[in-house]
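So you can see what is in the structure, the chains are spelled out below.
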Amino acid sequence: MNNKIELLKPKIDVVFHSLFKKGNEKITKAIISSITKEKIKEINLEDRHIVGKYPKEKLGILDLKATLDNGTICDIEIQLADNKDTAERFLYYWSRIYSSQLEKGKPYKELNKVIGIIILDYELEKTKNIKEISTNWKIKEETSFINLTDKLELFIIEIPKVRRMIERQANDKLIQWMLFLDNPNNKEVLEIMDKNEEIKEAMEELEEISKDEELRWIAELKEKAIRDERNLMEHAIEDGLKQGKEEGIKQGIEQGIEQGIERGIEQGKIEIAKKLLSRNMSVEEISEITELTVEEIQQINKK
């Protein structure tokens, strides 16, 4: 390994989607298999990466879509900051991909299964008492537990839980992959590379894309925005608690936290947009990275 290269963090979305992109089917197949626990023979990736090995490649959107050999569609996204809407956002993205398959006149029964995978760099409140790093969600009847359909399956993976599991399940491939995403410089990851060929290959690819100056620049912007967002959220919670105490009602706390979080997220997106505009990046590309609308970015550009 070239120690002179400062490796980018794979859990930053722009790095993740440059790593697991078209052309890197082997490692993408391996990480999906570690999550679903299913053997995957073939995989087809859409060309939706942010930047590739060459800075002039077109920017794309921030979810990874893969079609398996049996027709199942996997959609993977990674989220580092808790915006308090994880479940709702996750289900929305799943439904968008599921419904987009249906062409006019096509029967519903021909819709392929869609597996939604979301990797979180925080722990969900609803799953805080579950020790496992991955939870699997389906639609089941409440008393009989009969599965209504096999077309919907969701996986939620929580990176912070990995540290508590590594000693007992060091050979678990999912845990190995999450360690790599969390910190490829960790000593455990270096040891894992000796027995996990796909992670070794992913490390080699990470070293290559870490040389890309444009990707480094965008990744640094994203990481700073995430840090700022988390900081603003902490202040929002403090302000919300203070407001709630002053008003003496729970609603004051909830409103204060919600308003602060919204302001923090929006400000982080605006700061990234301003810096990308300064590099003469098109408003369409900036919209795909920040999730701001083209109109919002145009307004920022006028200021």
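Small disclaimer: the values here were computed from a predicted structure and weren't measured.

Draft legend 1. Structural detail: the confidence of the model for the protein. Here the protein shows a mean pLDDT of 81. Residues at 70 or above account for 81%. Contacts for the low-pLDDT stretch residues 49–61, under 50 throughout, to residues beyond four places or in other chains number 42 contacts.

Draft legend 2. Geometry of empty space enclosed by the protein. Applying the stated rule across the entire model yields two cavities of 30 Å³ or more. Considered as a void within the structure, the second largest cavity measures approximately 40 Å³ in volume. Lining the second largest cavity, in full, are Asp75, Phe90, Tyr93, Trp94, Ile97, Val114, Gly116 and Ile117. For the lining of the second largest cavity, the secondary-structure elements that each account for two or more residues are helix H3 (86–100) and strand E4 (114–120). Taken together, the residues that form the lining of the second largest cavity break down as six nonpolar, one polar and one charged.

Draft legend 3. Region of the structure containing the packing of aromatic side chains. For the structure shown, the criterion picks out five aromatic pairs. Judged by centre distance (4.9 Å) and plane angle (45°), the rings of Phe16 and Phe20 are tilted. Here Phe16 matches Phe20 in class, with each residue buried. Taken together, Phe16, Phe20, Trp177 and Phe180 form an aromatic cluster joined through their ring pairs.

Draft legend 4. A look at the nonpolar core. The biggest cluster of nonpolar side chains holds 68 residues, and the ones touching the most others in it are Phe20, Ile119, Trp177, Met178, Phe180 and Leu206. Core analysis: the next-biggest nonpolar cluster, separate from the first, contains 14 residues, Ile73, Phe90, Val114 and Leu124 among them.

Draft legend 5. Inspection of the pattern of salt bridges at higher detail. Under the criterion given, the structure shown has 17 salt bridges. Ionic pairing is found between Glu223 and Lys9, a salt bridge with its closest N-O pair at 2.7 Å. Within this pair, whereas Glu223 is found in helix H8 (residues 213–247), its partner Lys9 is found in the segment before helix H1 (13–19), the two being separated by 214 residues in sequence. The class for Lys9 is partly exposed, based on a relative accessible area of 37%. Measuring nitrogen to oxygen at the nearest pair gives 3.6 Å for the salt bridge that ties Glu208 to Lys211.

Draft legend 6. Spotlight on the packing of helix H5 (residues 173–182) against helix H7 (residues 197–209). At a closest axis distance of 11 Å, the pairing of H5 and H7 adopts a crossing angle of 15°. Considering the angle they form, H5 stands roughly parallel to H7. Remark: the crossing between H5 and H7 carries right-handed chirality. The residues of H7 that touch H5, namely those facing Gln176, Trp177 and Phe180, are Glu198, Ile199, Ala202, Met203 and Leu206. Counted by class, the contact of H5 with H7 contains six nonpolar, one polar and one charged residues.

Draft legend 7. Examining the layout of surface pockets more closely. Its volume calculated, the second largest pocket comes out at about 460 Å³. Around the second largest pocket, the lining is made up of 18 residues, and of these Thr86, Ala87, Glu88, Leu124 and Lys126 lie nearest the centre. Top element by residues in the lining of the second largest pocket is H3. It accounts for five residues.

Draft legend 8. Quick peek at the pairing of E4. Among the seven residues that make up E4, seven are buried, leaving the element largely enclosed by the rest of the structure. Alternating positions in E4 separate into two faces, Val114, Gly116, Ile118 and Leu120 on one and Ile115, Ile117 and Ile119 on the other, with burial throughout. As defined by bridge partners, strand E3 (residues 73–79) adjoins E4 across seven bridges and the pair is classed as parallel. Residue pairing across strands places Cys74 opposite Ile115, the latter belonging to E4. Direction of pairing for E4 relative to strand E6 (residues 152–158): parallel, over a ladder of seven bridges. Counted as the bridge partner of Ile118 is Ile156 from E6.

Scoring rules and cut-offs
- Residues numbered from 1 in each chain as written.
- Predicted model: local features only at pLDDT ≥ 70, side-chain atom pairs only at ≥ 80, totals over all residues.
- Heavy atoms only, no water.
- pLDDT = per-residue confidence, 0-100.
- Contact = heavy atoms within 4.5 Å.
- 1 Å grid on protein atoms, 1.4 Å probe; cavity = no way out; pocket = protein on both sides within 12 Å on 5 of 7 lines; lining within 4 Å.
- Points joined across faces, edges and corners; volume = space filled by probe spheres on them.
- Helix = DSSP H or I, 4+ residues; strand = E, 2+ residues; numbered from the N terminus.
- Nonpolar A, V, L, I, M, F, W, Y, C, P; charged D, E, K, R; others polar.
- Phe/Tyr/Trp six-rings, centres within 6.5 Å; stacked < 30°, edge-to-face > 60°.
- Buried < 20%, exposed > 50% of the residue type's maximum accessible area, 1.4 Å probe, protein only.
- Core = buried A, V, L, I, M, F, W, Y, C linked by side-chain atoms within 4.5 Å.
- Salt bridge = Lys/Arg side-chain N within 4 Å of Asp/Glu carboxyl O.
- Axes fitted to C-alpha atoms, helices over the stretch in contact; angles between N-to-C directions.
- Parallel < 35°, antiparallel > 145°, perpendicular 65-115°, else oblique.
- Left-handed = near helix turned anticlockwise from the far one by under 90°.
- Pairing = 2+ DSSP bridges.

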